[in-house]
Amino acid sequence: MSFPKSFMWGGATAANQCEGAYNKDGKGLSTADVMTSSKYGHPREVTQTIDETKHYPSHHGVNHYERYEEDIKLFAEMGFECYRMSIAWSRIFPNGDDAEPNEAGLKFYDNIFDLCLKYNIEPIVTLSHFETPLGLQKYGSWLSREVVDYFMNYCETVFQRYQGKVKYWITFNEINVMSTKPWMAGGIQEDTEQARMTAAYHQFLASAKAVQLAHDMSGAYQVGMMYNGHIAYPASPDPADVTRTTQFMHQMLFYADVQCRGYYPNYKIKEFERNNITLPIEEGDLDELRAGTVDFISFSYYLSHVVGEDTPLKFVGLNGVKTGYKNPTLDTSDWGWSIDPSGLRYILNLLYDRYQLPLMIVENGLGAVDKVEEDGSVHDAYRIEYLKKHLIELEKAIEIDGVPVLAYAMWGPFDIISASTGEMKKRYGFIYVDVDDDGNGTYNRYKKDSFYWYQKVIETNGASLKFE
Ligand code: BGP
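Note that this is a predicted model, so its numbers are computed, not measured.

## Topic: the overall build of the protein chain
The helix and strand tally for the protein chain stands at 14 helices and 12 strands. On C-alpha atoms alone, the protein chain measures out to a radius of gyration of 21 Å, which is about the 23 Å that the 2.2 N^0.38 rule sets for 468 residues. Taken along its principal axes, the extent of the C-alpha atoms in the protein chain is 60 × 60 × 50 Å. Considering the protein chain as a whole, with its 468 residues, one finds that 61% of them fall into the buried category. Once local pairs closer than 6 in sequence are excluded, the contacts in the protein chain between residues at least 24 apart make up 76%. On the protein chain, roughly 17400 Å² of surface is accessible, and the fraction owed to carbon and sulfur atoms is 49%. Measuring between centres, the 44 positive side-chain charges of the protein chain sit 3 Å from its 65 negative side-chain charges.

Here it is, written out as structure tokens:
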């Protein structure tokens with residue numbers, strides 16, 4: 001096994017899924033704070049204001065806000081070299097449009113970064129991970145151009161504050177989720193293609209401006225895009241299925257095209273013309289997009305799709321990812337996600353062939369139900385198996401295909417709230433957190449078997465994968 005010496009091993013979380021303390025120390029409400037919990041197959045409800053009779057998992061998360069020292073210490077014990085996390089924008093600007101930032105919010109992330117640096121863990125920081133201050137609803141959230149300015153204000157504040165502590169920034173988590181879950185991605189509930197494309201346009205613009213601002217402010221700053229790593233295979237060798245697969249992939253890849261190349265691809269422009277979609281382009285915008293292409297691509301990878309005659313070319317259905325075809329060659333997780341390790345090698349090649357930018361895997365993992373034994377141990381061989389197979393494919397992409405990969409951050413190193421369902425029982429962690437779907441529990445942390453396994457992987461820079 002030969003991972004580069006500089007390769008960073010670590011894990012990834014999102015503020016609204018782990019911090020809790022949703023209204024503490026001056027934090028304002030975000031779009032995530034009005035999403036109820038649900039279960040697989042049922043969408044989370046968006047209530048706009050807090051309804052006391054409902055359960056909102058972001059309100060407690062896994063109490064990382066209070067327990068961050070313990071959590072980061074456990075990362076250090078595993079040997080983490082990077083930690084991809086997000087800043088809750090509404091901790092910094094409680095309403096999104098405040099004149100002054102909230103010092104307590106800024107301080108909280110100072111504490112996190114200082115601790116990471118103490119343990120030689122490189123922070124990789126997402127500016128917007130599925131949450132927008134709820135106060136920006138009055139402008140129409142990302143449908144409005146004004147929100148671009150408020151986002152820039154937020155970026156300027158954190159780029160300034162965390163100079164010397166943070167090097168890697170990610171603008172929008174899984175920006176292509178705008179097409180499937182626009183409330184999560186952009187705080188918009190208007191379910192039209194025009195609305196989704198307007199909001200995405202504003203995020204592209206905001207991201208391009210953020211890239212330029214970061215570069216102006218520090219020569220050390222690297223800014224990446226974040227792509228929800230959808231890949232799809234044709235359901236059959238019928239060339240018509242191959243064409244459908246290309247069209248299906250275009251629905252997602254166009255987001256990366258814009259952020260990596262700096263302009264909208266022809267296939268998208270043609271589609272907009274056919275469907276009468278217009279973009280709110282103002283003078284100078286197209287130059288901004290070109291000048292603000294990203295330095296690296298980060299992406300999540302969990303599963304692959306199969307595309308055939310009955311596949312809607314718009315992502316619709318359960319969690320926005322159901323294609324209607326089960327891949328007969330693959331197993332699925334308890335939540336119906338196909339398990340496809342070689343798909344990781346495939347997407348690494350796809351993205352590198354297409355953009356020639358360095359890559360970071362900033363999410364990958366298995367959501368599963370865990371059982372805690374009486375002695376507090378958790379025997380999660382299934383998780384180890386999943387991760388191991390993916391890491392072997394990652395190594396092939398690096399070693400055989402020559403894809404430059406900077407980091408691997410496994411999703412949810414301690415158990416956190418599921419983004420798609422709000423459940424707690426869909427667990428990804430190396431570290432078990434004692435809390436249930438309703439938020440009850442001690443919130444104590446326990447090491448699973450996978451904790452020791454990952455520790456070994458990192459210690460040997462991947463060599464242990466070969467000998468197991
Ligand atoms: C990605 C999100 C994450 C995360 C992950 C796992 O789409 O960026 O926030 O939650 O998926 O999904 P889930 O939590 O629904 O299992």
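## Quick look at the nonpolar core
In summary, soluble globular proteins display a tendency toward joint burial of nonpolar side chains. With 142 residues, the main nonpolar core has Phe151, Phe159, Trp169, Leu394 and Tyr454 as its most contacted residues. Phe159 has contacts with Leu127, Trp169, Ala210, Leu213, Ala214, Met217 and Tyr221, leaving out every residue within four places of it along the chain. Residues Tyr168, Ile170, Phe296 and Ala407 belong to the second largest nonpolar core, which totals 10 residues.

## Observations concerning the packing of helix α12 (residues 381-399) against helix α13 (residues 449-459)
The description of two packed helices rests on the angle between their axes and on the distance between the axes. α13 packs onto α12 with a crossing angle of 25 degrees between their chain directions and a minimal axis gap of 10 Å. Overall, the two elements α12 and α13 adopt an arrangement that is roughly parallel. Here α12 runs over α13; the crossing is right-handed. Contacts between α12 and α13 involve Arg383, Ile384, Leu387, Lys388 and Leu391 on the former and, on the latter, Asp449, Ser450, Trp453 and Val457.

## Details of the pattern of salt bridges
Tallying each qualifying case throughout the model produces 35 salt bridges. With its nearest N and O atoms 2.8 Å apart, the salt bridge here joins Asp33 to Lys27. A relative accessible area of 2% places Asp33 in the buried class. Given a relative accessible area of 9%, Lys27 falls into the buried group.

## Quick look at helix α2 (residues 64-78)
Between its first and last C-alpha atoms α2 spans 18 Å; for 15 residues at 1.5 Å apiece the expected length is 21 Å, and the helix comes up short by more than 12%. For α2, the complete set of buried residues consists of His64, Tyr65, Arg67, Tyr68, Asp71, Ile72, Leu74, Phe75 and Met78. Count one or two residues on from α2 and you reach Gly79, which has phi positive near 95 degrees.

## Some remarks on the packing of aromatic side chains
In the structure shown here, the tally under the stated rule is 37 aromatic pairs. Plain terms: the ring middles of Tyr65 and Phe108 are 4.4 Å apart, the flat faces sit at 35 degrees to each other, and that makes the pair tilted. Linking Tyr65 in helix α2 with Phe108 in helix α4 (residues 103-118), this pair joins segments that are 43 residues apart in sequence. Residues Tyr68 and Phe108 carry aromatic rings whose centres are separated by 5.5 Å and whose planes lie at 90 degrees to one another, so their mutual orientation is edge-to-face. In this pair, Tyr68 is assigned in helix α2 and Phe108 in helix α4, connecting sequence segments 40 residues apart. Considered together, Tyr68 and Phe108 belong to a single accessibility category, that of buried residues.

## Some points on the sheet that holds strand β1 (residues 8-12)
Reading around the circumference, β1-β2-β3-β4-β5-β7-β9-β10 is the order of the eight strands in this closed barrel, with parallel pairing throughout. Between one strand axis and the next, the sheet turns through 25 degrees on average, direction left out of account. Here strand β4 (residues 168-172) runs beside strand β5 (residues 222-228); their pairing, made up of three bridges, is parallel. Each residue of the ladder has a partner; that of Trp169, found in β5, is Val223. Helix-sheet contacts for α13 involve β1 and β10 (405-411), and the interaxial angle to β1 is about 150 degrees.

## Overview of the site of the ligand
The local shell around the ligand holds 14 residues, among which Gln17, Glu174, Ser420, Lys426 and Tyr428 are the closest. Between Gln17 and the ligand, the recorded distance is 2.7 Å, taken from a side-chain N or O atom to an oxygen atom. Between the ligand and His129 there is a distance of 2.8 Å, counted from an oxygen atom to a side-chain nitrogen or oxygen. Relative to its free-state accessible area of 370 Å², the ligand is covered by the protein chains to the extent of 96%. Across the shell around the ligand, the residue classes break down as six nonpolar, five polar and three charged.

What counts, and at which threshold
Residues numbered from 1 in each chain as written. Predicted model: local features only at pLDDT ≥ 70, side-chain atom pairs only at ≥ 80, totals over all residues. Heavy atoms only, no water. Helix = DSSP H or I, 4+ residues; strand = E, 2+ residues; numbered from the N terminus. Rg over C-alpha atoms; globule rule 2.2 N^0.38 Å. Buried < 20%, exposed > 50% of the residue type's maximum accessible area, 1.4 Å probe, protein only. Contact = heavy atoms within 4.5 Å. Areas by Shrake-Rupley, 256 points an atom, 1.4 Å probe, with all protein chains shown as cover. Lys, Arg positive; Asp, Glu negative; His and termini not counted. Charge placed at Lys NZ, Arg CZ, Asp CG, Glu CD. Core = buried A, V, L, I, M, F, W, Y, C linked by side-chain atoms within 4.5 Å. Axes fitted to C-alpha atoms, helices over the stretch in contact; angles between N-to-C directions. Parallel < 35°, antiparallel > 145°, perpendicular 65-115°, else oblique. Left-handed = near helix turned anticlockwise from the far one by under 90°. Salt bridge = Lys/Arg side-chain N within 4 Å of Asp/Glu carboxyl O. Expected span 1.5 Å × (residues − 1). Phe/Tyr/Trp six-rings, centres within 6.5 Å; stacked < 30°, edge-to-face > 60°. Pairing = 2+ DSSP bridges. Near = heavy atom within 4 Å. Polar contact = N/O pair within 3.5 Å; in protein donor to acceptor, adjacent residues only side chain to side chain. Nonpolar A, V, L, I, M, F, W, Y, C, P; charged D, E, K, R; others polar.

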